[in-house]
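The lines below spell out each chain.
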Amino acid sequence: MICNGLILFMFFRVERMYKNPTLRLLLFVAITDFLHAFTTLPYTIYLTAFCISLPINLNPHYVMFSSTPLTIQLKIKLTLTVAVAFQRALALFLPVFYRNLCSSSYATASLLLGISLGCIDLFLEFALSPIVESPNCGTIGCFVSDKFLYYWGTSNMVIGFLVIIFTFLILLKLRSIEIRSSVVVENQTNRFSQANRTSAGILITSLLFITIPSVGVGICEMIGYSIFRRVGPFYTVGLLCTGTCNGIVYVVLNKDMRRLVTSFFSPPSTKLFQSTVNK
């Protein structure tokens, strides 16, 4: 939450970053990660407080309603991850088409699609799942029906496969570019490489914490093996870890963000000295 909050603060503090359409998709990723970390606090605090000792007997009504941010955010996260991967794949494989693409409209459409899919998941969750107790289980996966788990796991698995395919192609292309490229001197090329590194870092963190687990859950549900009761609230942990890592990746790999963070936390005397030296 802190990392994404810092990114949002920097985005809205620096007008050129906020108005940059090419960064709009990454801005939406940071916003949704921050909102999820904030809105899921009642759910995570409740699980932490009442799952410490056995027997575990959670209130099904509270679990179902407090976990709604998790259900929506998981689909939004997967959708935005696919959008980031597809946009970067276009930039690498079809640069002419990418230049003609309206980045702002693309990012907005991706966010709206993710929200729509998340709302569909939420509707199906309550429509297919009777609210009943599930003793000795500390995750939302035990309180929903098998039909919803099958749909949820399968749909997330399909999106996860798309992320894996795009990420694999992007990493291969970046590797080939790195091998063939000479010394980079143009500022535009530097920015292009920086965008590639940032997107690749975000895709890899999402791959590790969200995509691969989603594919695993989908496969387990297809063969009739419920993993939630045995593993616990790994989706919640995965989303929180992804949000934190994405914030760190964006600050570490993005040169403009590093410069802004450094200048913001520098003492006023240091800033004055630097400006005097630059003159």
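Just so it is clear, the structure is predicted and the values come from calculations on it, not from any experiment.

Visitor: What is the right way to look at the environment of Leu-113 in this model?
Guide: Mapped onto the elements, Leu-113 comes out in helix α8 (residues 103–128). Taking the C-alpha atoms as reference points, Leu-113 and Ile-76, 37 residues apart in sequence, are found 7.9 Å from one another.

Visitor: Would you take a moment to explain the UniProt feature "transmembrane region" (unreviewed entry) in the chain for this structure?
Guide: The UniProt feature table records "transmembrane region" (unreviewed entry) at residues 25–56, 76–98, 110–129, 149–172, 200–228 and 234–253. The span residues 25–56 is 78% helix and 0% strand, and its two end C-alpha atoms sit 40 Å from each other.

Visitor: Explain the packing of helix α6 (residues 68–93) against α8 here, please?
Guide: Each packed pair of helices is defined by two parameters, the angle between the axes and the distance between the axes. At a minimum axis separation of 8 Å, α6 and α8 run at an interaxial angle of 145 degrees. For the pair α6 and α8, the sense of crossing is right-handed. Here the contact of α6 with α8 is built from residues that sort into 12 nonpolar, eight polar and three charged.

Visitor: Quick question: what am I supposed to make of α6 here?
Guide: Two residues of an α-helix separated by three or four positions point the same way, owing to the 3.6 residues in each turn. Counted at 1.5 Å a residue, the expected span for α6 with its 26 residues is 38 Å, and the 38 Å between its end C-alpha atoms agrees. Counting buried residues along α6, 23 of its 26 residues qualify, which places the element largely inside the surrounding structure.

Visitor: Before we go on, may I ask you to explain the packing of helix α3 (residues 24–39) against α6 in this structure?
Guide: In the contact formed by α3 and α6, the axes pass within 10 Å of each other and the chain directions differ by 165 degrees. In this view, α3 runs roughly antiparallel relative to α6, as classed from their interaxial angle. Handedness of the α3/α6 crossing: left-handed. From α3, Leu-25, Leu-26, Phe-28, Val-29, Thr-32, Asp-33, His-36 and Thr-39 reach across to α6, where they touch Pro-69, Leu-70, Gln-73, Ile-76, Lys-77, Leu-80, Ala-83, Val-84 and Gln-87. Across the contact of α3 with α6, the residue classes break down as 10 nonpolar, five polar and two charged.

Visitor: How do you make sense of the environment of Leu-41 when you look at a structure like this?
Guide: Tracing the sequence through the fold places Leu-41 in helix α4 (residues 41–50). Along the chain, Leu-41 and Pro-69 lie 28 residues apart, while their C-alpha atoms are 9.8 Å from each other.

Visitor: Quick question: what am I supposed to make of the state of the cysteines here?
Guide: Where two cysteines share a covalent bond between their sulfur atoms, that bond is called a disulfide. Applying the stated criterion across every chain, the model contains one disulfide. In this model Cys-137 forms its disulfide with Cys-142; the gap between the sulfur atoms is 1.7 Å. Here the S-S torsion is close to 65 degrees, and the disulfide linking Cys-137 with Cys-142 is therefore right-handed. Just as Cys-137 is buried, Cys-142 falls in that class too. Cysteine Cys-241 remains unbridged, with the sulfur of Cys-245 as its closest cysteine sulfur at 6.2 Å. Residue classification places Cys-241 among the partly exposed positions, given a relative accessible area of 28%.

Visitor: Can you help me understand unusual backbone geometry in this one?
Guide: The backbone of Asn-136 sits at a positive phi, close to 55 degrees, despite the residue not being glycine. Mapped onto the secondary structure, Asn-136 falls in the loop between α8 and α9 (146–180). Classification of Asn-136 by relative accessible area gives partly exposed; the value is 43%.

Visitor: Hey, could you run me through empty space enclosed by the protein in this one?
Guide: Here the idea is plain: a probe the size of a water molecule rolls over the atoms and shows the empty space left. Taken as a whole, this structure holds two cavities of 30 Å³ or more when the rule is applied. Roughly 70 Å³ of internal volume is contained in the largest cavity. Taken together, the elements giving at least two residues each to the lining of the largest cavity come down to α1 (2–13), α3 and α12 (234–253). It is α3 that provides the largest number of residues to the lining of the largest cavity, a total of four residues. Taken together, the residues of the lining of the largest cavity sort by class into seven nonpolar, three polar and one charged. There is about 40 Å³ of room inside the second largest cavity. Forming the boundary of the second largest cavity are Val-29, Lys-77, Leu-80, Thr-81, Val-84, Ile-202, Leu-203, Ser-206 and Asn-246. Counting residues per element, the ones that place at least two in the lining of the second largest cavity are α6 and α10 (187–222). Grouping the amino acids of the lining of the second largest cavity by side-chain chemistry returns five nonpolar, three polar and one charged.

Definitions and limits used
Residues numbered from 1 in each chain as written. Predicted model: local features only at pLDDT ≥ 70, side-chain atom pairs only at ≥ 80, totals over all residues. Heavy atoms only, no water. Helix = DSSP H or I, 4+ residues; strand = E, 2+ residues; numbered from the N terminus. UniProt positions renumbered as here; feature names shortened; annotations may be inferred. Axes fitted to C-alpha atoms, helices over the stretch in contact; angles between N-to-C directions. Left-handed = near helix turned anticlockwise from the far one by under 90°. Nonpolar A, V, L, I, M, F, W, Y, C, P; charged D, E, K, R; others polar. Expected span 1.5 Å × (residues − 1). Buried < 20%, exposed > 50% of the residue type's maximum accessible area, 1.4 Å probe, protein only. Parallel < 35°, antiparallel > 145°, perpendicular 65-115°, else oblique. Contact = heavy atoms within 4.5 Å. Disulfide = S-S within 2.5 Å. 1 Å grid on protein atoms, 1.4 Å probe; cavity = no way out; pocket = protein on both sides within 12 Å on 5 of 7 lines; lining within 4 Å. Points joined across faces, edges and corners; volume = space filled by probe spheres on them.

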